[in-house]
Amino acid sequence: MSLILGLETSCDETAASVVKDGQTLLSNVVSTQHDLHKRFGGVVPEIASRAHLQRLWPVVCAAIDQAKVDLTELDAIAVGNRPGLIGSLIVGASAAKALAWSLGIPLIGIDHVQAHLYAAALQDTTAQAPNPTPHPSPLKPLFPALGLVVSGGHTSIYKVTSPIEMKLLGRTIDDAVGEAYDKAAVILQAGYPGGPNLDKLAQQGDPAAHKLPRPMLGPDSLDFSFSGLKTALLYATRGHPLPRNRPRNPSTKTVPNTPRSGRGNKPTFARDASDLTQQQRADLAASFQAAVVDTLITKLRRAIKHLSDSGPRPNALIVGGGVSANSLLRQRVQDFGQRESIPVCIPPLDLCVDNAAMIAGLAHTKLVIGDIDDLSLPVIATTAMV
Ligand code: KG4
Ligand code: ZN
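Predicted model only: the values in this text are computed from it and were never measured.

1. Section: the nonpolar core
Membership of the largest hydrophobic core comes to 48 residues, with the highest contact counts inside it found for L146, F288 and V333. Put simply, the parts of the chain that give this core at least two residues each are strand 7 (145-150), helix 5 (177-187), helix 6 (194-202), helix 7 (227-238), helix 8 (278-310), strand 10 (316-320) and helix 9 (327-340). Top contributing element to this core by residue count: helix 8, with 14 residues. Sequence-distant contacts of V333, that is, excluding residues within four places in its chain, are made with I297, L300, L317, V319, V344 and I346. Grouped together as the second largest cluster of nonpolar side chains are 23 residues, L3, V29, I64 and I105 included.

2. Thoughts on the domain arrangement of the chain
Under the domain assignment used here, the chain contains domain 1 (3-131 + 348-368) and domain 2 (169-345). Domain 1 and domain 2 are separated by 29 Å when their C-alpha centres are compared. Opposite the 14 residues of domain 1 that make contact, domain 2 presents 11 residues. Roughly 990 Å² is buried in total at the junction of domain 1 and domain 2, and carbon and sulfur atoms are behind 67% of that figure. Our count for the contact surface shared by domain 1 and domain 2 stands at 2 residue pairs in polar contact (both at pLDDT 80 or more). Only helix 1 (34-37) and helix 4 (112-118) provide two or more residues apiece to the side of domain 1 that touches domain 2. A breakdown of the residues in the side of domain 1 that touches domain 2 according to their chemical character gives 7 nonpolar, 5 polar and 2 charged.

3. As for the site of ligand 1
The local shell around ligand 1 holds 18 residues, among which H116, G152, D182, D199 and G322 are the closest. Contacts to ligand 1 include H116, whose side-chain N or O atom sits 2.9 Å from an oxygen atom. Contact with the protein chains covers 87% of the free accessible surface of ligand 1, which is 550 Å². Within the residue set of the shell around ligand 1, elements represented by two or more residues are helix 4, helix 5 and helix 6. Tallied by class, the residues present in the shell around ligand 1 amount to 5 nonpolar, 10 polar and 3 charged. Both of domain 1 (3-131 + 348-368) and domain 2 (169-345) provide at least three residues apiece to the shell around ligand 1.

4. Overview of the pattern of salt bridges
Summed over the entire model, instances satisfying the criterion amount to 10 salt bridges. Between R50 and E46 there is a salt bridge, and its shortest N-O distance comes to 2.8 Å. Of this pair, R50 and E46 both sit in helix 2 (residues 45-67), separated by 4 residues, roughly a single helical turn. On the basis of relative accessible area, R50 is assigned to the exposed category, the value being 54%. E46 sits in the partly exposed class, given a relative accessible area of 46%.

5. So, the sheet that holds strand 5 (residues 107-111)
The strand order across the open sheet built from 6 strands is 5-4-1-2-3-6, with neighbouring strands paired in mixed fashion. The sheet is open, and its two borders are formed by strand 5 and strand 6 (123-124), each paired with just one other strand. Contacting strand 1 (3-8), strand 2 (13-20) and strand 3 (24-32), helix 2 crosses the sheet at an angle of about 25° to strand 2.

6. Focus: the side chain of R330
Along the chain, R330 falls in helix 9. No salt bridge forms around the buried R330; measuring N to O, its nearest opposite-charge neighbour D350 is 8.0 Å away.

Conventions used here
Residues numbered from 1 in each chain as written. Chains lettered and ligands numbered in written order. Predicted model: local features only at pLDDT ≥ 70, side-chain atom pairs only at ≥ 80, totals over all residues. Heavy atoms only, no water. Core = buried A, V, L, I, M, F, W, Y, C linked by side-chain atoms within 4.5 Å. Buried < 20%, exposed > 50% of the residue type's maximum accessible area, 1.4 Å probe, protein only. Helix = DSSP H or I, 4+ residues; strand = E, 2+ residues; numbered from the N terminus. Contact = heavy atoms within 4.5 Å. Domains from an automatic or database assignment. Buried area = accessible area lost by both parts, 1.4 Å probe. Polar contact = N/O pair within 3.5 Å; in protein donor to acceptor, adjacent residues only side chain to side chain. Nonpolar A, V, L, I, M, F, W, Y, C, P; charged D, E, K, R; others polar. Near = heavy atom within 4 Å. Areas by Shrake-Rupley, 256 points an atom, 1.4 Å probe, with all protein chains shown as cover. Salt bridge = Lys/Arg side-chain N within 4 Å of Asp/Glu carboxyl O. Pairing = 2+ DSSP bridges. Axes fitted to C-alpha atoms, helices over the stretch in contact; angles between N-to-C directions. Lys, Arg positive; Asp, Glu negative; His and termini not counted.

This is the structure in structure tokens:
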């Protein structure tokens, strides 16, 4: 049996969790910083790291209290040490090192992207869990599996052979899917945080209202590109940019966070999302969401064929990362799994977005095989999963 305390501070969630035997959550505490970053429309790294510094110890104490364990009962301290914002990662890693050293127990560094794929194996029985449903099976019989990570920083497909062994099959060549959602939410003035708000707006709209591109990058490619889709949404919302030499009219509008054209000037448009009705904005959101999800599903189908042509067919599809909370994606991957006769493992909603339970859970696999770190554990901005 193992009891592991996990810490997660890679971006804008300060989180701590105690997990038993790599599967059962005894606590799962997440302090989100959305309130701090909202007025900037995105995460400000310096604000994020300072907030982690203030919040981490109270969050750790809450996780220990809720788990009803004593610090001295812990077998290891795990921390997400890559990828992420460097200043934010340093806060979590420093705290993890101090705890591991003072308790005299192993320190285990965890790749955040790998941890997202592990989240589907966790069983959330804490009082805070939205639907405390036990997960049906451990991950082991599901390997080799196909893994899809969809988050704010990553959109990647992997061949997964164990919780810590995976081979990259395809990834985004520009925006990550969560990033595309966040930018689409800015275009549609859907508010912050972008992804969940756009998801809600899309549920009131008609996905066939606008024909937006499904970027495929060639007939066999397993890579993704979402920047063209984002621009198509921008033009569908605001019309095409006005010619640059046309005299500026006070009623024309520029938009924050959209690509600059020419030498420094932001493009000018005749309208913005505030000129549209709620239904028109919802139709655009639904059309965007349909294009994103169609693209992801097509790539999954290709990846299954690719793996089946070159070796064993995957036994399961494992999905993780913040965008796996998306309502349409959740429904479409389940339909896909049924059609392809492949079991789908997707985390419960509270474990899709950043959390420390996935960090503590995955650390069990490493502890069992003695794959532990020392106090020289570095923090690294990029994932090892490339
Ligand atoms: O995994 P995550 O919490 O952080 C990273 O590792 O990046 O993912 C955050 C991303 C954000 O871009 C957020 O907008 C997106 O996940 N997201 C969603 C939804 N919930 C979160 N995107 C679409 N629909 C959602 N329901
Ligand atoms: Zn994440």
